[in-house]
Amino acid sequence: MGLATAARCGPELASPDGIEAQTCVLTQGRETWARTYYRNATGDDLRSVLTLMAPGDRTVRMYCAVGADDEPEVCETPRERTAGEASRYTAVAEFAKDADGPLLLRSGSNSPAQNGR
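Let me begin by describing the structure that accompanies this report. (Residues numbered from 1 in each chain as written. Predicted model: local features only at pLDDT ≥ 70, side-chain atom pairs only at ≥ 80, totals over all residues. Heavy atoms only, no water.)

1. Structural notes on a negative patch on the surface
Item 1. Where like charges cluster on the molecular surface, the negative patch consists of Asp45, Asp69, Glu71 and Glu73.
Item 2. Summarising the element assignment, Glu73 is placed in strand 7 (residues 73-76).
Item 3. Accessibility expressed as a relative area gives 33% for Glu73, which makes it partly exposed. (Patch = residues over 30% accessible without salt bridge, like charges linked within 9 Å, V, L, I, M, F, W, Y side chains within 5 Å. Areas by Shrake-Rupley, 256 points an atom, 1.4 Å probe, with all protein chains shown as cover. Salt bridge = Lys/Arg side-chain N within 4 Å of Asp/Glu carboxyl O. Lys, Arg positive; Asp, Glu negative; His and termini not counted. Charge placed at Lys NZ, Arg CZ, Asp CG, Glu CD. Helix = DSSP H or I, 4+ residues; strand = E, 2+ residues; numbered from the N terminus. Buried < 20%, exposed > 50% of the residue type's maximum accessible area, 1.4 Å probe, protein only.)

2. Remarks on the state of the cysteines
Item 1. Under the definition given, this model contains 2 disulfides.
Item 2. The residue that forms a disulfide with Cys9 is Cys24, at a sulfur-sulfur distance of 2.0 Å. Residues Cys9 and Cys24 are joined by a disulfide whose S-S torsion is about 105°; by sign, that bridge is right-handed. In this pair, Cys9 sits in strand 1 (residues 5-9) while Cys24 sits in strand 3 (residues 19-28), placing the two residues 15 residues apart along the sequence.
Item 3. A residue is classified by how much of its surface remains accessible, and Cys9, at 37% relative accessible area, is partly exposed.
Item 4. Classification of Cys24 by relative accessible area gives buried; the value is 1%.
Item 5. Linked covalently through their sulfurs, Cys64 and Cys75 form a disulfide whose S-S length is 1.8 Å. Its torsion about the S-S bond being 45°, the disulfide of Cys64 and Cys75 is classed as right-handed. In this pair, Cys64 sits in strand 6 (residues 58-66) while Cys75 sits in strand 7, placing the two residues 11 residues apart along the sequence. Exposure class is identical for Cys64 and Cys75. Each is buried.
Item 6. With cysteine numbering restricted to those in disulfides and following the sequence, the protein has the pairing 1-2, 3-4. (Disulfide = S-S within 2.5 Å.)

3. Things to note about the pattern of salt bridges
Item 1. Summed over all chains, the structure comprises 6 salt bridges.
Item 2. The residue Glu76 makes a salt bridge to Arg35 at a minimum N-O spacing of 2.6 Å. Remark: Arg35 occurs in strand 4 (residues 31-40) and Glu76 occurs in strand 7; sequence separation between them is 41 residues.
Item 3. The exposure class assigned to Glu76 is partly exposed, which follows from its relative accessible area of 30%.
Item 4. Arg58 serves as the salt-bridge partner of Glu80, at 2.7 Å between the closest nitrogen and oxygen. Of the two residues, Glu80 sits in strand 8 (residues 80-81) while Arg58 sits in strand 6, which places them 22 residues apart along the sequence.
Item 5. Among the residues examined, Glu80 registers a relative accessible area of 17% and is labelled buried.

4. Some thoughts on the sheet that holds strand 9 (residues 90-96)
Item 1. The sheet built from 4 strands is open, its strands ordered 6-5-9-10 with antiparallel pairing. In this open sheet, the two strands that pair with only one neighbour each are strand 6 and strand 10 (103-108). Mean inter-strand twist for the sheet, computed between neighbouring axes without regard to direction, equals 15°.
Item 2. Here strand 9 runs beside strand 10; their pairing, made up of 5 bridges, is antiparallel. By the bridge assignment, Glu94 is partnered in strand 10 with Arg106. (Pairing = 2+ DSSP bridges. Axes fitted to C-alpha atoms, helices over the stretch in contact; angles between N-to-C directions.)

Structure representation (structure tokens):
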């Protein structure tokens with residue numbers, strides 16, 4: 001048996017535009033990383049930025065291409081050695097049509113439950 005993975009996830013969110021996401025901070029042993037589960041039913045390819053924020057103002061950012069195939073997918077940051085308490089890590093995923101396009105959905109590991117915009 002391997003090490004157990006602890007997950008701290010925000011709520012599942014959906015935007016009127018057709019993007020659904022849930023973002024989590026995962027910890028396994030001495031490693032921590034961020035993961036967002038998403039589904040894109042917009043009919044367009046999108047761009048996503050997943051950011052893991054760690055204690056001491058450290059961040060890890062991952063850019064993910066989000067295809068328009070309406071299938072459940074995952075984007076995650078690289079794993080990093082946990083510094084301090086894992087509970088102090090947070091993650092945010094943002095989805096947009098392109099780098100300069102309007103934000104379609106923001107999903108966080110500790111977001112309050114609400115609908116996307």
